[in-house]
Amino acid sequence: MTATRVLVLNSGSSSVKYQLLDMTDDSRLATGLVERIGEGTSRLLHTPLTGEGAERARHEPIPDHAAALKAVASELATDGMGLDSPRLAAVGHRVVHGGRRFTEPTVVDEPVLREIERLIPVAPLHNPANLRGIRTAQAMNPRLPQVAVFDTAFHTTLPEHAARYAIDVATADSHRVRRYGFHGTSHAYVSRRTARLLGKRPDEVNVIVLHLGNGASASAVRGGVCVETSMGLTPLEGLVMGTRSGDIDPAVIFHLSRVAGMSVDEIDTLLNKRSGLVGLCGDNDMREIRRRIEQGDGAARLAFDVYVHRLKKYVGAYVAVLGRVDAVAFTAGVGENSAPVREATAGGLEGLGLAVDPELNAIRGEEPRLISPAGSRVAVAVVPTDEELEIARQTYSLVAGDGTST
Ligand code: AMP
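Residues numbered from 1 in each chain as written. Predicted model: local features only at pLDDT ≥ 70, side-chain atom pairs only at ≥ 80, totals over all residues. Heavy atoms only, no water.

Some details on the UniProt feature "binding site: Mg(2+)" (unreviewed entry) in the chain
Line of reasoning, step 1. Under the present numbering, the feature "binding site: Mg(2+)" (unreviewed entry) in UniProt falls on N10 and E387. Taken together, the annotated residues stretch across 378 residues yet fold into one region, lying no more than 10.0 Å apart by C-alpha.
Line of reasoning, step 2. Locating N10 in the fold gives a position in strand β1 (residues 5-11). (UniProt positions renumbered as here; feature names shortened; annotations may be inferred. Helix = DSSP H or I, 4+ residues; strand = E, 2+ residues; numbered from the N terminus.)

Digging into the packing of aromatic side chains
Line of reasoning, step 1. One pass over the full model with this rule turns up 2 aromatic pairs.
Line of reasoning, step 2. Ring centres of F102 and F150 lie 4.4 Å apart, and the angle between their planes is 5°; this geometry places the pair in the stacked category. Pair noted here: F102 is in the loop between β6 (88-95) and β7 (106-107) and F150 is in strand β8 (residues 146-150), with a separation of 48 residues, a long-range link.
Line of reasoning, step 3. Of the residues examined, F150 reaches a relative accessible area of 2% and is grouped as buried.
Line of reasoning, step 4. Note on Y314 and Y318: the rings are 5.7 Å apart at their centroids and 90° apart in plane angle, and the pair reads as edge-to-face. Here Y314 pairs with Y318, and both are found in helix α11 (residues 298-322), just 4 residues apart, close to one helical turn. Each member of the pair Y314 and Y318 is classed as buried. (Phe/Tyr/Trp six-rings, centres within 6.5 Å; stacked < 30°, edge-to-face > 60°. Buried < 20%, exposed > 50% of the residue type's maximum accessible area, 1.4 Å probe, protein only.)

Observations regarding the side chain of S11
Line of reasoning, step 1. Along the chain, S11 falls in strand β1.
Line of reasoning, step 2. Excluding residues that lie within four positions of it along the chain, S11 makes contacts with V16, H65, A129, N130 and G133. (Contact = heavy atoms within 4.5 Å.)

Section: the site of the ligand
Line of reasoning, step 1. Near the ligand the following residues occur: G213, N214, N284, D285, M286, R287, A332, G333, V334, N337, S338 and R364.
Line of reasoning, step 2. Taking G333, its main chain carries an N or O atom lying 2.9 Å from an oxygen atom of the ligand.
Line of reasoning, step 3. In the environment of the ligand, an oxygen atom lies 3.4 Å from a nitrogen or oxygen atom belonging to the backbone of V334.
Line of reasoning, step 4. Contact with the protein chains covers 69% of the free accessible surface of the ligand, which is 500 Å².
Line of reasoning, step 5. Of all the secondary structure elements, the ones that give two or more residues to the shell around the ligand are α10 (286-294) and α12 (332-337).
Line of reasoning, step 6. For the shell around the ligand, the element with the highest residue contribution is α12, accounting for 4 residues.
Line of reasoning, step 7. Split by residue class, the shell around the ligand holds 3 nonpolar, 6 polar and 3 charged. (Near = heavy atom within 4 Å. Polar contact = N/O pair within 3.5 Å; in protein donor to acceptor, adjacent residues only side chain to side chain. Areas by Shrake-Rupley, 256 points an atom, 1.4 Å probe, with all protein chains shown as cover. Nonpolar A, V, L, I, M, F, W, Y, C, P; charged D, E, K, R; others polar.)

Examining the sheet that holds strand β14 (residues 379-382)
Backbone hydrogen bonds are what pair the strands of a sheet, in a parallel or an antiparallel way.
Line of reasoning, step 1. One open sheet accounts for 6 strands, arranged β11-β10-β9-β12-β14-β13; its pairing is mixed. Edge strands, defined here as strands with exactly one partner in the open sheet, are β11 (225-229) and β13 (369-370).
Line of reasoning, step 2. Each of β9 (206-212), β10 (216-222), β12 (327-331), β13 and β14 is contacted by helix α6 (residues 184-197), which is oriented at about 130° to β9, the strand it contacts most. (Pairing = 2+ DSSP bridges. Axes fitted to C-alpha atoms, helices over the stretch in contact; angles between N-to-C directions.)

A closer look at the pairing of strand β3 (residues 27-35)
The side chains of a regular strand alternate between both faces of the sheet.
Line of reasoning, step 1. Sheet topology note: the strand β2 (residues 16-22)/β3 ladder contains 7 bridges and is antiparallel. Among the inter-strand pairings, V16 is bridged to a residue of β3, identified as V34.
Line of reasoning, step 2. Connecting β2 to the antiparallel partner β3 that follows it, the hairpin turn spans 4 residues, and D26 within it adopts a positive phi of roughly 60°.
Line of reasoning, step 3. Pairing of β3 with strand β4 (residues 43-48) involves 6 bridges; the strand directions are antiparallel. Looking at the pairing, A30 lines up with P48 of β4.

Let's talk about helix α13 (residues 339-346)
Because an α-helix completes one turn every 3.6 residues, residues spaced three or four positions apart along the sequence face the same direction.
Line of reasoning, step 1. Among the residues making up α13, those that are buried are A339, V341, R342, T345 and A346. Seen end-on, α13 carries its buried residues on one side only, within an arc spanning 165°.
Line of reasoning, step 2. Phi turns positive one or two residues past the end of α13, at G348, with a value near 80°. (Arc of directions from axis to C-beta.)

Considering the pattern of salt bridges
Line of reasoning, step 1. For the structure on display, the rule yields 28 salt bridges.
Line of reasoning, step 2. For D173, the salt bridge is made with R164, and the minimal N-O distance between the two is 3.0 Å.
Line of reasoning, step 3. With relative accessibility at 28%, the residue R164 sits in the partly exposed group.
Line of reasoning, step 4. Linked by salt bridges that have partners in common, R56, R58, E60, E75 and D79 make up one network. (Salt bridge = Lys/Arg side-chain N within 4 Å of Asp/Glu carboxyl O.)

Set out below in structure tokens:
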């Protein structure tokens, strides 16, 4: 029996999301989520996607990642798709920070685990959880290849002048301070999918990708190679996000420390959790913000305008970085669903060759689609992201060695 299935695991600090895919046709066999690990109210939601299977929920204490994965494995086994199945080729893990070393998906061994561990100081929230997920999966089936797919990998091609902050080089180098970029799996998938939508190969087109989810980032991709991205040392830099500020003058931090007496941890929490859309208007869900705007809410209007203004600035900057742009692609929760954000972002950029057709923009759908008027100099597209499929493809192409990654 050929092993053609890949289990994709996305381990967060208190959650594990998973999907089981069959790489012969990229189909989903099962999907699920373990939430609130370590809390009394933890639960597992499992959805088999083959046959008649309906969603199953387990409400039970799940104290740690090992217990979470054991519960996931037992649900999969119930559907005849357990971790010991000979059809399972590998487990693909999302790992947030791969530093400069990991430019490709990598089969995990002890030295790789140690390197991911060494990167914890630059990804204190994410890498420890990712590591726990890998170690647990390894322990459950030591013969199964574990592959790490890094959020930073797609951005390791950034030229030095884009990756460097203009600070003292010795200080930066000894503490690994530079622009790494995140959401790379999504930027890679969407930039390639956009090329396909245009009927071109990735190396033939220049694309600006706007990944607008609760976290948000932009990238400039020249001929399939990422040359600039908005997130930096951490996912805090760049666009206005659901709860993160994105770009600010770094002196705001000194000012709040000196004048407001806030500690570094308090400012960290302020900028990561109480800023962005939530900081500006109290809501981070774009649907709710639009609803409030319809009712004449001024704070929601301002939050929307600040969000779009920042996006527009990045689009303009990335047009300048790329010189020639073939497409701007909107993706993730806001990018895929919010026609007003797309319209406002492209509005007024006709001089740069960008325009959005209101009728095309209003159409909802799951498929990649163009929303710019026919004959536009720059194509504007909505391209739903699929990080799990991209992780599965990269994982499978590594363990099957057949270069099927697209
Ligand atoms: P993500 O992180 O990609 O799952 O995106 C989550 C965000 O997408 C939510 O916080 C919402 O702001 C936004 N979102 C989801 N669905 C919609 C929708 N139908 N219209 C506008 N925004 C949406």
